[in-house]
Amino acid sequence: MTLFGTAGIRGPVEEITPSLALAVGQAAGEPGESFVVGRDGRETGTALAAAMEAGLESAGSDVYRTGEVPTPTLAFASSGRRGVMITASHNPPADNGIKLFVDGIEYDRDAERSIEAAVDSSDSGAAPWTEWGRSGRLEVLSGYRDAVSTYVRERFGDGPDGDVLSGLSIAVDCGNGVGSLATPQVLDRLGADVVALNANVDGHFSARESKPTPETLAEFSDFLAAGSFDLGVAHDGDADRLVVLGPDGGIIHEDTVLAVVAAHYTAESDARDPVVVTTPNASARIDDRVRAAGGRVERVRLGGLHEGIERERKAGDEGSAVVFAAEPWKHIHTAFGGWIDGVASAATVAALVADAGDTDTLRAPVTERPYRKVSVDCPDERKDDAMALLERRLPDSFPEATVDTDYGVRLERPDASWVLVRPSGTEPYVRIYAESDDIDELISKTNDVVETAVTDAA
């Protein structure tokens, strides 16, 4: 049985049922363990969280309920213990999912496979009744807000009490998600003038779709352009993602944001060998800025940032340090914690804007070549066969390119342009990512090869 994709367990609630949550809870729990359990604002979250709690407790674990919180808040609360977040992140409201954490870090592949094997077995996972765990309530939001605020103040201010965002005007589109419980409050505490939109938690995501895209953020873009803001930020449903917009309402490319933050952490590090971990779909502009700041970039599979951090920490010497890890829209601030954190990213980016004076000055050092992502329809059952075909056909179509098949098929051409083709872990698509001065030609040629492979895999 395969339950876990690139971002935990996720799918329509006809598949992500209370029965599944109960089974996963019994598989994950064990006597003597302590879990925190949180959920985003989806309508189905209450029932799934209750089933998860029952599974964990009946397996012998103590459970602390946090209620509705952002995913990074739940990860923060799992430090020193284990955690479960009931969320489908940016997916539609009819979906839900399960993410598991240990000591602030998402479960690795081995732990996920262990859960899958236990769920697939006939063993219920229940402990003797005398060993069942207990449950209680845990308030974590205020402590998390304080921790993010203190972290940003200490990095950008003169101490834990400075208003590092004083004079900055920021609009926040919370998208009816649980980010409304943390990001506006943190930015306000740091001294910004904050206007929060769609800041009521609504499991139907009535104001806009949960996934922040140029289309779903169109009204927010217009709001920014009509106002006098220095910066706009937007979240998905659980606030692990961050989209950054300029005062004109234009979306700043996610890889430019990544490059700016990565360069900051690299330049500020006192490590001899500062390392930034990112994914194969991330732009070469990140490598450019990190190298200029004195560091290096290492890549890991999409959804495996925590694995890349651990790999580099084991491989590095005493002078090496992972200073930042990120994939587009999702950042791990390693000096703060081991989890993806859109709230900490919003505060960090805002502090960088405050230091630079405006978003244009902040992004000016980044060379932005045309970048595009395309999704090709591909049923889940065809993905493996289609990718097997593409491992042969794509190198034949681009004989001048070097080939890497560790994380999909990535082709790098002599002029430093590149294309990556990989299956989505959560949706019925094969994704194409490309960066090139001749982006239209590169995308068109790659798309033709991918569509043919998907058809032939039928």
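Computed from a predicted structure; not experimentally measured.

1. A short note on the UniProt feature "domain: Alpha-D-phosphohexomutase alpha/beta/alpha" (unreviewed entry) in the protein chain
Here comes step 1: The feature "domain: Alpha-D-phosphohexomutase alpha/beta/alpha" (unreviewed entry), as given by UniProt, occupies residues 2-123 and 166-248 in the numbering adopted here.
Here comes step 2: Helix makes up 36% of residues 2-123 and strand makes up 26%, while its end C-alpha atoms are separated by 18 Å.
Here comes step 3: Here residues 166-248 is 19% helix and 23% strand, with 21 Å between the C-alpha atoms at its ends.

2. Some details on the UniProt feature "domain: Alpha-D-phosphohexomutase C-terminal" (unreviewed entry) in the protein chain
Here comes step 1: Per the UniProt annotation, the sites labelled "domain: Alpha-D-phosphohexomutase C-terminal" (unreviewed entry) are residues 415-441.
Here comes step 2: Within residues 415-441, the helical portion is 11% and the strand portion 48%, while the C-alpha atoms at the span's ends are 15 Å from each other.

3. Structural notes on the sheet that holds strand β19 (residues 409-412)
Here comes step 1: With antiparallel pairing, five strands are arranged side by side in an open sheet as β17-β21-β20-β19-β18. Bordering the open sheet on either side are β17 (371-377) and β18 (402-404), each of which pairs with just one other strand. Between one strand axis and the next, the sheet turns through 15° on average, direction left out of account.
Here comes step 2: Packed onto the sheet, helix α14 (residues 439-456) meets β17, β20 (418-423) and β21 (429-435) and runs at close to 20° relative to β17.

4. Topic: the packing of helix α5 (residues 141-156) against helix α11 (residues 342-356)
Here comes step 1: Packing of α5 against α11 brings their axes to within 10 Å, and their N-to-C directions diverge by 30°. What the angle tells us is that α5 and α11 run roughly parallel. Of the two possible hands of crossing, α5 and α11 adopt the one that is right-handed. Contact residues: α5 offers Y144, V148, Y151, V152 and F156, while α11 offers V343, A344, A347, T348, A351, L352 and D355.
Here comes step 2: Among the residues forming the contact of α5 with α11, the class breakdown is 10 nonpolar, one polar and one charged.

5. Section: the packing of aromatic side chains
Here comes step 1: One pass over the full model with this rule turns up seven aromatic pairs.
Here comes step 2: With a centroid separation of 5.6 Å and an interplanar angle of 70°, the aromatic rings of F336 and W339 are classed as edge-to-face.
Here comes step 3: Note on W339: relative accessible area 6%, which makes it buried.
Here comes step 4: Chaining the aromatic ring pairs together yields one cluster made of F76, Y144, Y151, F336 and W339.
Here comes step 5: Over the ring of W418 we find R410; its NZ or CZ atom is 4.2 Å from the centre of that ring.
Here comes step 6: Taking NZ or CZ as reference, K445 lies 4.6 Å from the ring centre of F398, over its face.

6. Topic: the side chain of H235
Here comes step 1: Following the sequence through the fold, H235 ends up in strand β10 (residues 231-235).
Here comes step 2: Assessed through its relative accessible area of 0%, H235 is described here as buried.
Here comes step 3: A distance of 2.8 Å separates a polar atom in the side chain of H235 from the backbone oxygen of R241.
Here comes step 4: With residues up to four places along the chain from it excluded, the contact list for H235 reads D173, C174, G179, T183, R208, S210, P212, R241, L242, G342 and V343.

Reading guide: rules and limits
Residues numbered from 1 in each chain as written. Predicted model: local features only at pLDDT ≥ 70, side-chain atom pairs only at ≥ 80, totals over all residues. Heavy atoms only, no water. UniProt positions renumbered as here; feature names shortened; annotations may be inferred. Helix = DSSP H or I, 4+ residues; strand = E, 2+ residues; numbered from the N terminus. Pairing = 2+ DSSP bridges. Axes fitted to C-alpha atoms, helices over the stretch in contact; angles between N-to-C directions. Contact = heavy atoms within 4.5 Å. Parallel < 35°, antiparallel > 145°, perpendicular 65-115°, else oblique. Left-handed = near helix turned anticlockwise from the far one by under 90°. Nonpolar A, V, L, I, M, F, W, Y, C, P; charged D, E, K, R; others polar. Phe/Tyr/Trp six-rings, centres within 6.5 Å; stacked < 30°, edge-to-face > 60°. Buried < 20%, exposed > 50% of the residue type's maximum accessible area, 1.4 Å probe, protein only. Lys NZ or Arg CZ within 6 Å of the ring centre and 35° of its normal. Polar contact = N/O pair within 3.5 Å; in protein donor to acceptor, adjacent residues only side chain to side chain.

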